[in-house]
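Okay, here's what each chain looks like letter by letter:
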Amino acid sequence: MKFLTTFFFICLLTAFFQTDLQAQLIADVDAIQSAPLHAGVSRTYQHDFKTVIKSARETIVESGLVLESASKVDDNVYMLVAKAKTSAFSWGELVRVVVEKEKANESTIRVYTKRRVKINVTAKADYSNTIISNMDLKLDL
């Protein structure tokens, strides 16, 4: 009987800590959306706000990511959030692209990437270079 009581107690503790551990280890869309808007790798383009947003959307899809959400933060800031697909070696990543209007024909993007599972060493750590390189090609830099 003592064995069953101990086993039951261990199962309860495991369930409690597993939920807490999951919250600490697993990044979600809300977490990446609430990160500071200035976080990530940035690049400024000499193009209008709408053109840069359109190019960012296309670049996200062309990079093999799945667009999860797109929203206007305010009149000068637009946020795109995407997920990398899971694979045999990775739980994937979350990628946020913030487009900020600087001037009439000047916009800055900031690419911020987080692994979906923090301890996933096989996940691609950063999509910044991929997205910025593709944006450079699209916008002729």
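Residues numbered from 1 in each chain as written. Predicted model: local features only at pLDDT ≥ 70, side-chain atom pairs only at ≥ 80, totals over all residues. Heavy atoms only, no water.

A word on the side chain of R110
Put simply, the rule is: Strands here are runs of E lasting at least two residues and helices are runs of H or I lasting at least four, both read from the DSSP assignment and numbered beginning at the N terminus. A 3.5 Å cut-off defines polar contacts: any pair of N or O atoms within that distance qualifies, except that in protein one atom must be a possible hydrogen donor and the other a possible acceptor, and neighbouring residues in sequence count only when both atoms are side-chain atoms. Two residues form a contact once any of their heavy atoms are found within 4.5 Å.
The topology assignment puts R110 in strand β5 (residues 106-115). A polar atom in the side chain of R110 sits 2.8 Å from the side chain of E100. For R110, the residues in contact, after removing those within four places along its chain, are L37, H38, A39, V41, S42, R96, V97, V98 and E100.

Quick word on the pattern of salt bridges
Note the cut-off: By salt bridge we mean one thing: a side-chain nitrogen of Lys or Arg within 4 Å of a carboxyl oxygen of Asp or Glu. Think of it in three bands: residues with accessible area under 20% of the maximum for their type are buried, residues over 50% are exposed, and the middle band is partly exposed, with areas taken using a 1.4 Å probe on protein chains only.
Taken as a whole and judged by the stated rule, the model has seven salt bridges. Of the charged contacts in the structure, one is a salt bridge between E68 and K83, with a shortest N-O distance of 4.0 Å. Here E68, found in strand β2 (residues 65-74), pairs with K83, found in strand β3 (residues 77-84); they are 15 residues apart in sequence, far enough to count as distant. You can call K83 partly exposed: its relative accessible area is 23%. A salt bridge links D75 to K72; the shortest N-O distance between them is 3.3 Å. Side by side, D75 and K72 carry an identical accessibility label, which is exposed.

Structural notes on the confidence of the model for the chain
Stated formally: For every residue, the predictor reports its confidence as pLDDT, a number between 0 and 100.
Averaged over all residues, the pLDDT of the chain is 80; the fraction at 70 or higher stands at 67%. When the criterion is pLDDT under 50, residues 17-26 qualifies, and its contacts beyond four places in sequence or with other chains add up to seven contacts.

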